[in-house]
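Residue-level structural notes
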Amino acid sequence: MSYSNPRLESAEKPQAILKFSGVAIMAASIWITVVGVAALLVLPLIVGAISDYSNFTEGQIGFLASADMAGMGLLSSLSIFWVRKVNWRVASAVGLIILIIGNVLSVGQDNFGTMLMLRFIAGMGGGIALSVGLACQSDCRLADRAFSIFVAMEFFLTSIGFLVLPRLIEQYGLPGITYTLAAMGLSALLVCGFLPSRGLDKSIQAGGENKVPVRGILVLVGCLLFFTSQGGLWAFIERIGVEAGLGTGAVGTVLAITSYAGLVGALGAAFLKNRVGYFFAFLLVGFFELIGMLLLLGDISYISFFFSLILYQSCWALAIPLMMSTVNDMDHSGKLVLLVLAVAKLGYAIGPALLGQLLEGGSFTLGIYASMLLCSLGVIIIAKLVNVPRP
């Protein structure tokens, strides 16, 4: 059965619809998801703006960067319990309104506690929107295409953001970015009505093994370590470039250009897995990721920063679909795969707070070494687990 009109579905019997079809539903779900995760995409610019236009310490800035991700990660983690029990139009609208309010009220705040609370609230709103959007994408008839477009939109908007937002920040300060995030939230709010009111009932479609494997849970632990490494370094990557003397404009340009490497990495995940298998795919990700981080040590030139970001963003984007595919292959219940992105958000929350404490002395060296260690541990754990034969 096809489905094209989101206002005709049965809220009482969502299982009657096999898959949602229709361009409007897919487009709305993708845009709502992108807006929900937008703060993460431009996190280095948020950190830079707070650093330049406030009196917060590096440690406090690390916690502020983590607050968005913590709120997002919390709601994403709990989404397996609530996302298929609520009205999607109402839930996404509520989440986006919370996101808008959190960003608007962040303007002009000089109290650390208040700012921390507002960034956490904005992150919670983003987490609600992200969860509903991803769930809707997974229920689309062309789910694979929806996920691909979502990833492409992430990297495309990251590129645009790093070209445009630095100029807005220079002219307006922190409001230049928080008002932009609020405006994006408003635009997504306008398309919530295109979503179906309810999702599909996955419980009646599973029909098979419903036991969550221990190996899958352990893989999520490796994912958490990897994403903690990525989130911590990503939050301060703009500061690393600026402190190396490259200039805000030059750093923004590098971040914008190298974001397309992430698009290539995401699209190349399936190809790499099919050619070398999960084990060697993860080892390659870890190897080139470490090379990228090593390029950030010592004297950083424009060229070394550029190639570091190419390796960093491409490996990061490559790892995400590999991890989702790994967990999905291990877990027939379909539960753990929903937690991969939630674990990612939690890692992105822990990372900046952790690295922020290591940067109090003004040097990024210790933080980079910590990121390298976490990345290595995460990749080794996952590679070891995917190399174990099924019992």
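All figures in this text were calculated on a predicted structure; none of them were measured in a lab.

Quick notes on the overall build of the protein chain
Per the secondary structure count, the protein chain includes 15 helices and 0 strands. Every one of the 391 residues in the protein chain was classed for burial, and the buried ones make up 54%. Counting contacts in the protein chain only where the partners sit at least 6 residues apart, residues at least 24 apart contribute 85% of the total.

Regarding the side chain of Q313
Structurally, the position occupied by Q313 is in helix 13 (residues 302–330). Judged by relative accessible area, which is 3%, Q313 ranks as buried. Ignoring sequence-local partners within four residues, the contact set of Q313 consists of F155, W234, L255, T258, S259 and G262.

A closer look at a nonpolar patch on the surface
On the surface, a nonpolar cluster with roughly 520 Å² of combined accessible area is contributed by V276, F280, L283, L284, F287 and F288. With respect to the helices and strands, F287 occurs in helix 12 (residues 269–294). Residue F287 is classed as partly exposed on the basis of its relative accessible area, which comes to 48%.

Points about helix 3 (residues 43–52)
Burial within helix 3 is extensive, with 8 of its 10 residues counted as buried. When helix 3 is considered as a whole, its buried residues turn out to be L43, P44, L45, I46, V47, G48, A49 and I50.

Observations regarding the pattern of salt bridges
Summed over all chains, the structure comprises 3 salt bridges. Taking the shortest distance from any N to any O, the salt bridge between R239 and D52 comes out at 3.2 Å. Within this pair, whereas R239 is found in helix 10 (residues 214–243), its partner D52 is found in helix 3, the two being separated by 187 residues in sequence. Residue classification places R239 among the buried positions, given a relative accessible area of 6%. Of the residues examined, D52 reaches a relative accessible area of 45% and is grouped as partly exposed. Where R119 meets D68, a salt bridge forms, and the shortest distance between an N and an O atom there is 2.8 Å. Of this pair, R119 sits in helix 6 (residues 112–138) while D68 sits in helix 4 (residues 58–82); the two residues are 51 residues apart in sequence, bridging distant segments of the chain. Counted as one network, the salt bridges with shared partners bring together D52, E238 and R239.

Remarks on the confidence of the model for the protein chain
Interpretation of this model should avoid reading the predicted coordinates in detail wherever pLDDT is low. Mean pLDDT over the protein chain works out to 82, with 86% of the residues at or above the 70 mark. Per-residue pLDDT, averaged within each element of the protein chain, yields its smallest value for helix 9 (residues 203–206) (50) and its largest for helix 5 (residues 88–105) (96). Throughout residues 1–17 the model reports pLDDT below 50, and contacts reaching past four residues in sequence, or to other chains, amount to 39 contacts.

Regarding the side chain of S92
Among the secondary structure elements, S92 is positioned in helix 5. A polar atom in the side chain of S92 sits 3.1 Å from the backbone oxygen of R89. Each residue touching S92, except ones within four places of it in the same chain, is listed here: I32, V132, C192 and L195.

Thoughts on the packing of aromatic side chains
According to the stated counting rule, one finds 11 aromatic pairs in the structure shown. Ring centres of F226 and F227 lie 5.7 Å apart, and the angle between their planes is 75°; on these two criteria the pair is classed as edge-to-face. As far as the burial class goes, F226 and F227 line up, both buried. Aromatic ring contacts, followed pair by pair, group F162, F226, F227, W234, Y312, W316 and Y348 into a single cluster.

Considerations on the packing of helix 4 against helix 6
Relative to each other, helix 4 and helix 6 sit at 35°, their axes nearing to 7 Å. The handedness of the crossing between helix 4 and helix 6 comes out as right-handed. Of the residues assigned to the contact of helix 4 with helix 6, the class counts are 17 nonpolar, 8 polar and 2 charged.

Topic: the packing of helix 3 against helix 10
One can describe the packing of helix 3 onto helix 10 by two numbers: an axis separation of 7 Å at closest approach and a directional angle of 55°. Taken together, the axis directions place helix 3 and helix 10 in an arrangement best described as oblique. The chirality of how helix 3 crosses helix 10 is right-handed. Contacts between helix 3 and helix 10 involve L43, P44, V47, G48, S51 and D52 on the former and, on the latter, W234, A235, F236, I237, E238 and R239. Each residue belonging to the contact of helix 3 with helix 10 can be placed in one class, and the counts come to 7 nonpolar, 2 polar and 3 charged.

Rules used throughout
- Residues numbered from 1 in each chain as written.
- Predicted model: local features only at pLDDT ≥ 70, side-chain atom pairs only at ≥ 80, totals over all residues.
- Heavy atoms only, no water.
- Helix = DSSP H or I, 4+ residues; strand = E, 2+ residues; numbered from the N terminus.
- Buried < 20%, exposed > 50% of the residue type's maximum accessible area, 1.4 Å probe, protein only.
- Contact = heavy atoms within 4.5 Å.
- Patch = residues over 30% accessible without salt bridge, like charges linked within 9 Å, V, L, I, M, F, W, Y side chains within 5 Å.
- Areas by Shrake-Rupley, 256 points an atom, 1.4 Å probe, with all protein chains shown as cover.
- Salt bridge = Lys/Arg side-chain N within 4 Å of Asp/Glu carboxyl O.
- pLDDT = per-residue confidence, 0-100.
- Polar contact = N/O pair within 3.5 Å; in protein donor to acceptor, adjacent residues only side chain to side chain.
- Phe/Tyr/Trp six-rings, centres within 6.5 Å; stacked < 30°, edge-to-face > 60°.
- Axes fitted to C-alpha atoms, helices over the stretch in contact; angles between N-to-C directions.
- Left-handed = near helix turned anticlockwise from the far one by under 90°.
- Nonpolar A, V, L, I, M, F, W, Y, C, P; charged D, E, K, R; others polar.
- Parallel < 35°, antiparallel > 145°, perpendicular 65-115°, else oblique.

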